[in-house]
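Architecture at a glance
Below are the chains, spelled out letter by letter.
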Amino acid sequence: MERLDKLLASTGRWSRKDVKELVRQGRVTAAGRQVLRSEEKFELSDDIFVDGVAVCCQKFTWLMMNKPAGLLSATEDKRQKTVLDLLPEHYQKQGLFPVGRLDKDTEGLLLLTNDGDLAHRLLAPKSHVDKVYLARVTGRVEQTDVSAFAQGMVLDDGLECMPAGLEPLGDGSSCLVTLREGKFHQVKRMLAFRGKPVEYLKRLSMGPLKLDEALAPGQWRQLTAGELEALGRAELDGK
Ligand code: URA
């Protein structure tokens, strides 16, 4: 059980003082009835409404974004825009950060959260959370490249890459790459090493989460309860 003012303040949208005023004005209902005092306690699972609109009071926030090219996967930068700049202010106050990085010119699925523990565990290679990328390359991906990816590679610069999936699409100028790790520029470096430099890169999925095709580049939404559950399960399964 948690105090209503604390629950609502955790969304970043209202201060505890604001909540007191909302309650005084009779604008808050929780667990099916009007709330009379902002100190009243409710379960995290109770439905809470402000002006009839459902308010989510989960302990942590998880967002799925279709990252557009041209923004940094960082929380802040002195000179350049980051993915956090796309979010409204109340989310910016919640201490969200990207779960793993996509390069500035890479598009696609990016998770943002303030749940440091789960984010960290999802990114650990031992968690076996596969990341799938769509790449367009100069040249054609061939069967020899597929075998090299499957065996794992040591690149010219000494980078050791675990076995990875590579599936040519169509005439081979596009392909799907499946990685379990996430080293700096890894997809680009692996394909460049095979003589197929990347022209375009987009992340399609992370573990059980697929990029919502309804999200245009730059758009985002909260993860659904089902997606969150699947994410937690994926992390456990990988242990
Ligand atoms: N690999 C890359 O090379 N770039 C990304 O943004 C993600 C994976």
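In short, a report on the structure. In this text, all values refer to a predicted model and were calculated from it rather than measured experimentally. (Residues numbered from 1 in each chain as written. Predicted model: local features only at pLDDT ≥ 70, side-chain atom pairs only at ≥ 80, totals over all residues. Heavy atoms only, no water.)

Glancing now at the site of the ligand. Close contacts around the ligand come from Leu102, Asp103, Thr106, Tyr133, His185, Gln186, Val187, Lys188 and Leu201, and that covers them all. A distance of 3.2 Å is found between an oxygen atom of the ligand and a backbone nitrogen or oxygen belonging to His185. Taking Lys188, its main chain carries an N or O atom lying 3.0 Å from an oxygen atom of the ligand. For the ligand, whose accessible area on its own is 240 Å², the fraction buried by protein is 96%. Examining the composition of the shell around the ligand, we find that three residues originate from one element, helix α6 (residues 186-193), more than from any other. When its residues are assigned to classes, the shell around the ligand shows four nonpolar, three polar and two charged. (Near = heavy atom within 4 Å. Polar contact = N/O pair within 3.5 Å; in protein donor to acceptor, adjacent residues only side chain to side chain. Areas by Shrake-Rupley, 256 points an atom, 1.4 Å probe, with all protein chains shown as cover. Helix = DSSP H or I, 4+ residues; strand = E, 2+ residues; numbered from the N terminus. Nonpolar A, V, L, I, M, F, W, Y, C, P; charged D, E, K, R; others polar.)

With that settled, consider the pairing of strand β10 (residues 131-137). In terms of burial, β10 is largely enclosed, as five of its seven residues are buried. Pairing of β10 with strand β14 (residues 174-179), which is carried by six bridges, proceeds in the antiparallel orientation. Looking at the pairing, Leu134 lines up with Leu176 of β14. In terms of strand pairing, β10 meets strand β15 (residues 198-206) through seven bridges, oriented antiparallel. Across the sheet, the residue bridging to Val137 is Val198, located in β15. (Buried < 20%, exposed > 50% of the residue type's maximum accessible area, 1.4 Å probe, protein only. Pairing = 2+ DSSP bridges.)

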